[in-house]
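Listed below, chain by chain, are the residues.
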Amino acid sequence: MNSKKYVYDYDDYEDGSKDSATLAVEILEDPERMTLEEIVVGCWGESYDNSVQAILDMFVEHKEKFSHIKSLFIGDMDYEECEVSWIEQGDYTKLWDALPNLEHMTIKGSQNLTLGNVCHKNLKSLEIICGGLPKTVLEEIAVSNLPNLEKLNLYIGIEDYGFDGDVEDIKKIVANPSFKKLKYLGLGDSEIQDDIVGAVIESSLVEQLDVLDFSNGTLSDKGGSVLLENKDRISHLKMLDLHYHFLSDKMMNELEKLGITIDLSEQEENDKEYGNYPMLTE
Amino acid sequence: MEVVLIGQEGTKRSDFFKKAVMELGHSVKVINWVNYHPNHIKEGSLIKIDPPVYTEANIENLKEITEDYLKALKTFEGISGCYLNEPSQIAKVLDKVTCKQLLKQHQIPITPMIEEKVKSHEELQQLIQKNKINGIFIKPRYGSGAAGVLAYRYHPKFQKEVIYTSMALGEESKFYNTKKMRRVTDSKEIGKMINCLLKGEVILERWVQKASYKGLSYDLRVVYQYGQIDFIVARGSKTPITNLHLNNCAINKASLKLPDELVQSIEKLCHNTMACFEGLNSAGIDILITPKGKPMVIEVNGQGDLIYQDLFNENRIYTLQMIGMVEEYGKLKKR
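So, a few notes on the structure that sits alongside this text. On a predicted model such as this, the values are computed, not experimentally measured, just so you know.

Glancing now at the overall build of chain A. In terms of helices and strands, chain A carries 11 helices and 10 strands. Seen through its principal axes, chain A has C-alpha atoms that stretch 55 × 45 × 30 Å. Counting all 282 residues of chain A, 57% fall into the buried class. A fraction of 70% describes how many contacts in chain A between residues 6 or more apart in sequence connect residues 24 or more apart. Counting only carbon and sulfur atoms, one obtains 46% of the accessible surface of chain A, whose full area is about 11,500 Å². Where the 25 positive side-chain charges of chain A centre and where its 58 negative ones centre are 10 Å apart.

On to the side chain of Ser14(B). Residue and element names in this part refer to chain B. Structurally, serine 14 can be placed in helix H1 (residues 12-23). Under the relative-accessibility criterion, serine 14 is labelled buried at 0%. Aside from chain neighbours lying at most four places away, what touches serine 14 is Leu5, Gln8, Glu9 and Asp50.

Attention now goes to the environment of Asn216(A). Residue and element names in this part refer to chain A. Position of asparagine 216 relative to the elements: it lies in the loop between strand S8 (211-213) and helix H9 (221-229). For asparagine 216 and methionine 105, which are 111 residues apart along the polypeptide, the C-alpha to C-alpha distance reads 21 Å. A polar side-chain atom of asparagine 216 sits 3.4 Å from a polar atom in the side chain of serine 215.

Of the residues lining the interface, 24 residues belong to chain A; the matching set on chain B comes to 32 residues. Taken over both partners, the interface formed by chain A and chain B buries close to 2,500 Å², and the fraction arising from carbon and sulfur atoms is 45%. For chain A, the biggest contributors to the area lost against chain B are Tyr10(A), Glu80(A) and Trp86(A); these three give 30% of the whole. For the pair chain A and chain B, the interface holds 3 salt bridges.

A separate point is the pairing of strand S7 (residues 150-155) of chain B. For a regular strand, the rule is simple: side chains alternate between the two faces of the sheet. All names here are of chain B. A large share of S7 lies buried, amounting to 6 of its 6 residues. The side-chain alternation of S7 yields two buried faces, one formed by Leu150, Tyr152 and Tyr154 and the other by Ala151, Arg153 and His155. Sheet topology places strand S6 (residues 136-140) next to S7; 3 bridges connect them, and they run antiparallel. Residue pairing in the sheet places isoleucine 138 in a bridge with leucine 150 of S7. Sheet topology places S7 next to strand S8 (residues 160-169); 6 bridges connect them, and they run antiparallel.

This paragraph deals with the sheet that holds strand S2 (residues 28-32) of chain B. Residue and element names in this part refer to chain B. Taken in spatial order, the 4 strands line up as S2-S1-S3-S4 in an open sheet, and their pairing is parallel. Each of the sheet's edge strands pairs with one partner strand only, and the pair in question is S2 and strand S4 (81-83). Averaged over all pairs of adjacent strands, the angle between their axes in this sheet comes to 25°, without regard to strand direction. Note: strand S3 (residues 45-49) against S4, 3 bridges, orientation parallel. What sits directly across from isoleucine 47, in S4, is tyrosine 83.

This next bit is on the pattern of salt bridges. According to the stated counting rule, one finds 37 salt bridges over all chains in the structure shown. With its nearest N and O atoms 3.0 Å apart, the salt bridge here joins Lys157(B) to Glu88(A). With one member in each of two chains, Lys157(B) in the loop between S7 and S8 and Glu88(A) in the loop between strand S3 (71-74) and helix H5 (95-98) form a pair that bridges those chains. Among the residues examined, Lys157(B) registers a relative accessible area of 54% and is labelled exposed. The class for Glu88(A) is buried, based on a relative accessible area of 4%. A salt bridge links Asp230(B) to Arg316(B); its shortest N-O distance comes to 4.0 Å. Of the two residues, Asp230(B) is situated in strand S13 (residues 228-237) and Arg316(B) in helix H10 (residues 316-334); the sequence distance between them amounts to 86 residues. Assessed through its relative accessible area of 32%, Arg316(B) is described here as partly exposed. Within this structure, Arg13(B), Lys48(B), Asp50(B) and Asp305(B) form a network of salt bridges that share partners.

All names here are of chain B. Taken together, 6 strands build an open sheet; the order of strands is S5-S10-S6-S7-S8-S9 and the sheet is antiparallel. Across the chains shown, the open sheet's two edge strands, defined by having one partner strand only, are strand S5 (113-114) and strand S9 (175-184). In this sheet, strand S10 (residues 202-206) lies alongside S6 in antiparallel orientation, the contact comprising 5 bridges. Pairing of phenylalanine 137 across the sheet is with glutamate 205, part of S10. Helix H5 (residues 121-131) contacts S5, S6, S7, S8 and S10 of the sheet and is inclined by roughly 65° relative to S7.

Rules used in this analysis
- Residues numbered from 1 in each chain as written.
- Chains lettered and ligands numbered in written order.
- Predicted model: local features only at pLDDT ≥ 70, side-chain atom pairs only at ≥ 80, totals over all residues.
- Heavy atoms only, no water.
- Helix = DSSP H or I, 4+ residues; strand = E, 2+ residues; numbered from the N terminus.
- Buried < 20%, exposed > 50% of the residue type's maximum accessible area, 1.4 Å probe, protein only.
- Contact = heavy atoms within 4.5 Å.
- Areas by Shrake-Rupley, 256 points an atom, 1.4 Å probe, with all protein chains shown as cover.
- Lys, Arg positive; Asp, Glu negative; His and termini not counted.
- Charge placed at Lys NZ, Arg CZ, Asp CG, Glu CD.
- Polar contact = N/O pair within 3.5 Å; in protein donor to acceptor, adjacent residues only side chain to side chain.
- Buried area = accessible area lost by both parts, 1.4 Å probe.
- Salt bridge = Lys/Arg side-chain N within 4 Å of Asp/Glu carboxyl O.
- Pairing = 2+ DSSP bridges.
- Axes fitted to C-alpha atoms, helices over the stretch in contact; angles between N-to-C directions.

See below:
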């Protein structure tokens, strides 16, 4: 896929003259724009101090110039550029209609994130990477209409960084009737990872999946036991991704006997002093 | 021709330097710092000075330790010889503020120093808010390694802050340096750490983002000696502080596939940097590469030659130090 990343580094925005509005103009005026299939938007200056909205609005206002775009990644930056929980996201409500050929959407950061009414007939993957996904966004996904969605990967996060939902919100997501083509379900990076495993494993959605991803969260032997108890419901999986976890050696051995491909890398030590945290929070 | 190493017998520095010297057909006399006296050095010797070894990890003792070392370096005044690095230059680069000011005067691209003085956590927050600064590194003005270093971010709107550091709170509420990086978000602990550091002399630098490789931010430790780059190790980290002894990892330079133009820029940068320190023939120069490929000097280490990736392979750095000193000695003799 012909892809291009638009990003400011320190030298670009040191004098304070560059932000998401100026980056929006640069993207719009880039002569390469028409040849691209994927646009990646990185650090847009002080991304903790000005939101990405100017760029999202630009895509909508000039939708005829971006209607060919198949893939968008908004917020591709690491902690060096901006703490993920500080990235000022925006309102994506109008974007879905503006980009009818969009197949892949990746969003990083959840501060002030709104998806709106998510209806898109061509979207194949939706991924949100953050330290805390708000209840409002979880609800938007639960009622979304994405008939061709094949991959849904959400970093649920922790309360301190924006997750104000609960396991009931997760149950609503896996009950979304439009997810008929979903093959990859990722609900990870959570401080209630064990509960999420329990909520998901009971849903009929599991039966159609190839990949179940509970990685990067505080998965413990409690969640591991649920997986073992429901081994018949996951025996068809091509991959069970549990990397970054707090499972004991004994539980890991038991899970390896399931006979499915399973990622048990990055076993973390229980932190008795500060408690266990998911991989990405701040 | 006598070769003298002032350092510590039995350390990797002395063992591998001795090995390099002996493989070139010479012998070296090691004088331990604890036994050192200027009278122990013959006039006209080839002299290498290694840093003293400290077992004390308490950050609050850093100032005292550094003052003792600077005094010891002064005792070499009047001892003429062929130095790998003149003691006065070692002392100069030990002072991060003076070093950065000198580089700035010579228009060497550097990670920017913040000149404004702050004396407390609160004042630091005000500085950040006033100048809209993305992040700040606070380092002791004197000292090397990552002792007492912290990377700090403050978000005035959300009143959120975070530090990345290898410091920890020990007994009697004293801070000490651990060998592990941690991230702290508790404001009380952050305030205590910053106030502790700001009691002493520090250098404040803007946090400039580094290029990344496979999810790790990295910078380069370039060992530059006698006018050439002798070794480069890329230091990758999931945190802003990349010192290799902090559970970070060395990245094979070849894997980075640095463009030729960038390598040439780095060479030129090192050459111009070393030109600011006459009498410094060997330095470990820490270089940051921005995501867009611009190199800048983070700091200059006058004794930054201990690189395990070289020690346990070709031992090239120490070998070239000895070759360089012998050549210089030859030139001095001819004059």
